Amino acid sequence: MKTKNGIFLLSILVTFLLGADLMSQTSLQADTMDNVIRAVTDQYPGASLQAVERGVRHAGSLWRAEDGDDAFFKAFCLKHYIADPAERLRVFQKLNHYFEAIMGHTNEIYLALKKHTDEPTGPLHEIDRMFSAFSPDAHLMQDLYQSRIAFVTALNFPRFTLAEKNRLGPDWSAEEWAMARLGDVFSSRVPAEIKQHAARVSSQADLYISGYNIHMGALRDNDGRKLFRDDQVLLTHWNLRDEIKANYADGELGPRRQRMVYQVMKRIIDQTIPKDVIDSYAYQWNPFANETRKNGRAVDLEREPDIRYEMLRQVFLARRAMDPFHPHMPTCIERNFSGSMEVPQEQVEALFHQFLSSPLLKKVAQVVEKRLGRKLAAYDIWYDGFKSRGSIPQDQLDAITRKRFPNARAFKDAMPEILRELGFSPESAEFLAAKITVDPARGSGHAWGAGMRDSLSHLRTRVGKDGMDYKGFNIAVHEFGHNVEQTLSLHNVPYFFLNGVPNTAFTEALAFLFQKRDLEILDMEPGDAAAENLAVLDACWSAFEIMGVSMVDMKVWKWLYAHPDASAAELKEAVITIAIDVWNRYFSESFGVRDEPVLAIYSHMISYPLYLSAYAYGQLIEFQLGEYLEDKPFGAEVERIWSLGRLTPSVWMIRATGTDLSPQPLIRASERALKKLK
Ligand SMILES: [Zn+2]
């Protein structure tokens, strides 16, 4: 493996760093901070000791030798500490202006650099791809430290921990919230080499996963029969999972194919898969007996030598190398949950545990079993039969949307009317529509938010030459929901630093709430009640699955932190044990099968670790907001809620719906759907 030496050296470095004091990344002497705090409070007797202490320690934790010696740090703090509240507020307002200018214009530069790769402007030239990949702000943070803007900011607007934000935040004014958000801007300073190394390891893991194809035509069952087409090349795990889903429609061959796909998954998980059948047609492979043949002759092949787990191990080590530079969040687990998601890991696990151990799983499992007419298998966590076809024929829908939206411009012109139909006031509808522009997209479309109030939010949508088909319209309405969120949470917050939503789940929730109302927008009857019940059960079933794999993901990372020196083989054993434990704890009773490793197959676990929880958590949020909005005026409440700004998820949810994050709305909706189905 190419980077093995690098990794080895790095892990020695990391062990050394971890052994030292966690604050050791600062270049300041241990007593300098206390000295400076005393000096500042002496100079500004009216200043709050708590505020001075917080500011000096925050700025000090970011200080490095190249920034100056201890005496210089002291002089810097004495000179730049702002004790007068009126002056502090003035400076805060100026910082809002300057950062909006930097972020907003940087965003405009990115839009311009990616214009030709994002919009269908004609044939692409190599120079387009080069600019599309170019980062004009790659050194921005470094420059903000060098100019000392970062230190003035950190000294006067220090960071608050997640626990503090959740404890104090309910009583904070918008101004206090925005100041706390400014405190998050300069919260860590990881050396470029360590970041680059982590990026290299991540892209290596990405590459490994993106090349992990199974040539389905090369598979044989125990009778030597071929069940798949030669041209079926399926990527692990996404395509393999989707193949299981697709085969529910085929009563004949379906179950045999599903069993075979699951058998392949098990061989990937325990790494008994022959190395040379990965991404190759060279051999015929029976995954049940694990026998390989070439031209009818049996051949012995070596198994994959635990590379899957070596990748994960390297990703872990590269991320752990950043730990010493985050004294407030010294593990990758904390940075992912308390940091990025802003929900403590224990709370996420508790939410998932509550949902997974509700009696609901057993009840829905019984429905699935009945609909399948057979006992459940582990791979039925991907049961796909709750989808309803919809009562209106596709052709009819296509004809309606093509006529109404012959081009992107027509969608742009219809935006105020669409918003009024959704219950927004005429003034809000006009305002929002004026801030969103519609561009044709090269890909399937996306929503690109504005970075400052002077810019527009872009809705990119794909329109065929004979107009927008229903699928395109459905996606455009989803993206439109994102644009509305982006606009409300930028323009309706009193300070730039408050712009946005707590995390991506909160913008996805609004996009899905819009998308669900797409037939309403076309003045058509919303889907029938039976279809709606099925959709709820579909969401519920997939929430069980995704929470199960998220549980495995979280427990694996905890295990890694407890066993940082584990080999790839030891890690493999641990992952399998954890996956089976989670299965036996939550799923085995409802499914009637024990000791299944199925929850360990997700590729995210290898290349996007700890990301899976965000999906599951997003589903809970969507149902909580959906339930709250059910009997409320949609437009007015959307406007109120998505103007709250970037609070923490917990404070945001309480201000939005009156209750903290909870799995109960999804449980209630599923129980209702089950009753109606009977
Ligand atoms: Zn979306």
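What counts, and where the lines are drawn
Residues numbered from 1 in each chain as written. Predicted model: local features only at pLDDT ≥ 70, side-chain atom pairs only at ≥ 80, totals over all residues. Heavy atoms only, no water. Helix = DSSP H or I, 4+ residues; strand = E, 2+ residues; numbered from the N terminus. Areas by Shrake-Rupley, 256 points an atom, 1.4 Å probe, with all protein chains shown as cover. Lys, Arg positive; Asp, Glu negative; His and termini not counted. Charge placed at Lys NZ, Arg CZ, Asp CG, Glu CD. Donors = N, O, S within 2.8 Å, 3.2 Å for Na, K, Ca; no water. Tetrahedral: all angles 85-135°; square planar, octahedral: opposite > 155°, others 65-115°. Buried < 20%, exposed > 50% of the residue type's maximum accessible area, 1.4 Å probe, protein only. Pairing = 2+ DSSP bridges. Axes fitted to C-alpha atoms, helices over the stretch in contact; angles between N-to-C directions. Contact = heavy atoms within 4.5 Å. Phe/Tyr/Trp six-rings, centres within 6.5 Å; stacked < 30°, edge-to-face > 60°. Core = buried A, V, L, I, M, F, W, Y, C linked by side-chain atoms within 4.5 Å. Salt bridge = Lys/Arg side-chain N within 4 Å of Asp/Glu carboxyl O. Left-handed = near helix turned anticlockwise from the far one by under 90°. Nonpolar A, V, L, I, M, F, W, Y, C, P; charged D, E, K, R; others polar. Expected span 1.5 Å × (residues − 1). Domains from an automatic or database assignment. Buried area = accessible area lost by both parts, 1.4 Å probe. Polar contact = N/O pair within 3.5 Å; in protein donor to acceptor, adjacent residues only side chain to side chain.

Let's shift gears to the overall build of the chain. Helix and strand counts for the chain stand at 31 helices and eight strands. Seen through its C-alpha atoms, the chain measures out along the principal axes to roughly 85 × 65 × 55 Å. Total accessible area computed for the chain in this model is approximately 30200 Å², and 53% of it derives from carbon and sulfur atoms. Distance between charge centroids for the chain: 3 Å, based on 80 positive and 89 negative side chains.

Summarising the metal site, the zinc ion is bound by the protein donors His478 (NE2), His482 (NE2), Glu508 (OE) and Glu508 (OE), whose distances to it range over 2.1 to 2.6 Å. Around the zinc ion sit four donor atoms; with metal-centred angles ranging over 52 to 148°, the donor geometry is irregular. The sequence pattern formed by the donor residues of the zinc ion is H-x3-H-x25-E. Of the two residues, histidine 478 sits in helix 22 (residues 470–491) while glutamate 508 sits in helix 23 (residues 504–516), which places them 30 residues apart along the sequence. Given the relative accessible area of 32%, glutamate 508 is considered partly exposed.

All right, on to the environment of methionine 551 then. Considering the arrangement of structural elements, one finds methionine 551 in helix 25 (residues 529–562). The spatial distance from the C-alpha of methionine 551 to the C-alpha of leucine 28 is 40 Å, given a sequence separation of 523 residues.

In this section: the sheet that holds strand 8 (residues 457–461). With mixed pairing, the three strands of this open sheet are ordered in space as 6-8-7. If you trace the sheet from one side to the other, it starts and ends with strand 6 (436–440) and strand 7 (445–448), each paired once. Averaged over neighbouring strand pairs, the angle between their axes works out to 15° when direction is ignored. Contacts from helix 22 reach strand 6, strand 7 and strand 8, with the element oriented near 170° to strand 8.

Right, let's get into the sheet that holds strand 5 (residues 297–299). In spatial order, the strands read 3-4-5; together these three strands make up an open sheet with antiparallel pairing. Every interior strand has two partners, whereas the edge strands, strand 3 (284–286) and strand 5, have only one. Within this sheet the neighbouring strands show an average axis-to-axis angle of 35°, counted without direction. One ladder, built from three bridges, connects strand 3 with strand 4 (residues 291–294); its direction is antiparallel. Across the sheet, the residue bridging to asparagine 286 is glutamate 291, located in strand 4.

Let's shift gears to the packing of aromatic side chains. All chains considered together, the criterion is met by 39 aromatic pairs. An angle of 40° between the planes, with centres 6.5 Å apart, marks the rings of tyrosine 470 and phenylalanine 473 as tilted. Here the residue tyrosine 470 and the residue phenylalanine 473 both occupy positions in helix 22, the gap between them amounting to three residues, near one helical turn. For the residue pair tyrosine 470 and phenylalanine 473, the accessibility class agrees, reading buried in each case. Look at phenylalanine 480 and phenylalanine 514: their rings are 5.8 Å apart centre to centre, the planes differ by 85°, and that puts the pair in the edge-to-face class. With phenylalanine 480 in helix 22 and phenylalanine 514 in helix 23, this residue pair connects regions lying 34 residues apart in the sequence.

Moving on: the nonpolar core. In terms of nonpolar packing, the biggest core is built from 203 residues, with Phe411 and Trp642 touching the most fellow members. When residues in this core are grouped by element, the largest group, 17 residues, is from helix 25.

Let's shift gears to the pattern of salt bridges. It is possible for side chains bearing opposite charge to pair when their charged atoms get close. Scanning all chains against the criterion turns up 36 salt bridges. Taking the shortest distance from any N to any O, the salt bridge between arginine 409 and aspartate 413 comes out at 3.1 Å. A residue pair is termed a helical-turn pair when its members lie 3 or 4 positions apart in one helix, as arginine 409 and aspartate 413 do in helix 20 (residues 408–421) at four residues. Judged by its relative accessible area of 55%, arginine 409 is exposed. By relative accessible area, which is 48% here, aspartate 413 ends up partly exposed.

Helix 21 (residues 426–434) packs onto helix 20 with a crossing angle of 150° between their chain directions and a minimal axis gap of 8 Å. In this structure, helix 20 crosses over helix 21, and the sense of that crossing is right-handed. Contacts from Lys412, Met415, Pro416, Leu419 and Arg420 of helix 20 reach helix 21 at Pro426, Ala429, Glu430, Leu432, Ala433 and Ala434. Tallied by class, the residues present in the contact of helix 20 with helix 21 amount to eight nonpolar, no polar and three charged.

Its 12 residues place the ends of helix 2 (residues 32–43) 16 Å apart at the C-alpha level, agreeing with the 16 Å of an ideal helix rising 1.5 Å per residue. Those residues of helix 2 lying buried are Thr32, Met33, Val36, Ile37, Ala39, Val40 and Thr41. Those residues of helix 2 that are buried are in contact with helix 3 (49–61) and helix 4 (70–80).

Here the focus is the domain arrangement of the chain. By domain assignment, the chain separates into domain 1 (31–187), domain 2 (208–309), domain 3 (327–386 + 528–677) and domain 4 (394–521). Here domain 2 and domain 3 have C-alpha centroids that lie 28 Å from each other. Between domain 2 and domain 3, the residue contacts involve 22 residues of the former and 24 residues of the latter. Buried area between domain 2 and domain 3, summed over both chains or domains, comes out near 2200 Å², and the portion from carbon and sulfur atoms is 69%. Per-residue buried area on domain 2 facing domain 3 is highest for Tyr248, Tyr262 and Tyr309; these three make up 31% of the total on that side.

By secondary structure assignment, the location of lysine 165 is in helix 10 (residues 162–168). Since its relative accessible area comes to 3%, lysine 165 is described here as buried. A distance of 3.4 Å separates a polar atom in the side chain of lysine 165 from a polar atom in the side chain of glutamate 342. Once residues within four sequence positions are removed from consideration, lysine 165 is found in contact with Phe160, Pro170, Trp172, Trp177, Arg181, Asp184, Glu342, Thr648 and Val651.

Moving on: the environment of asparagine 492. Positionally, asparagine 492 belongs in the loop between helix 22 and helix 23. Given a relative accessible area of 31%, asparagine 492 falls into the partly exposed group. Along the backbone, asparagine 492 and arginine 640 are 148 residues apart, and their C-alpha atoms lie at a distance of 9.1 Å. In contact with asparagine 492, other than residues within four places in its own chain, are Phe431, Thr487, Glu639 and Ser643. A distance of 3.1 Å separates polar atoms of two side chains, one belonging to asparagine 492 and the other to serine 643.

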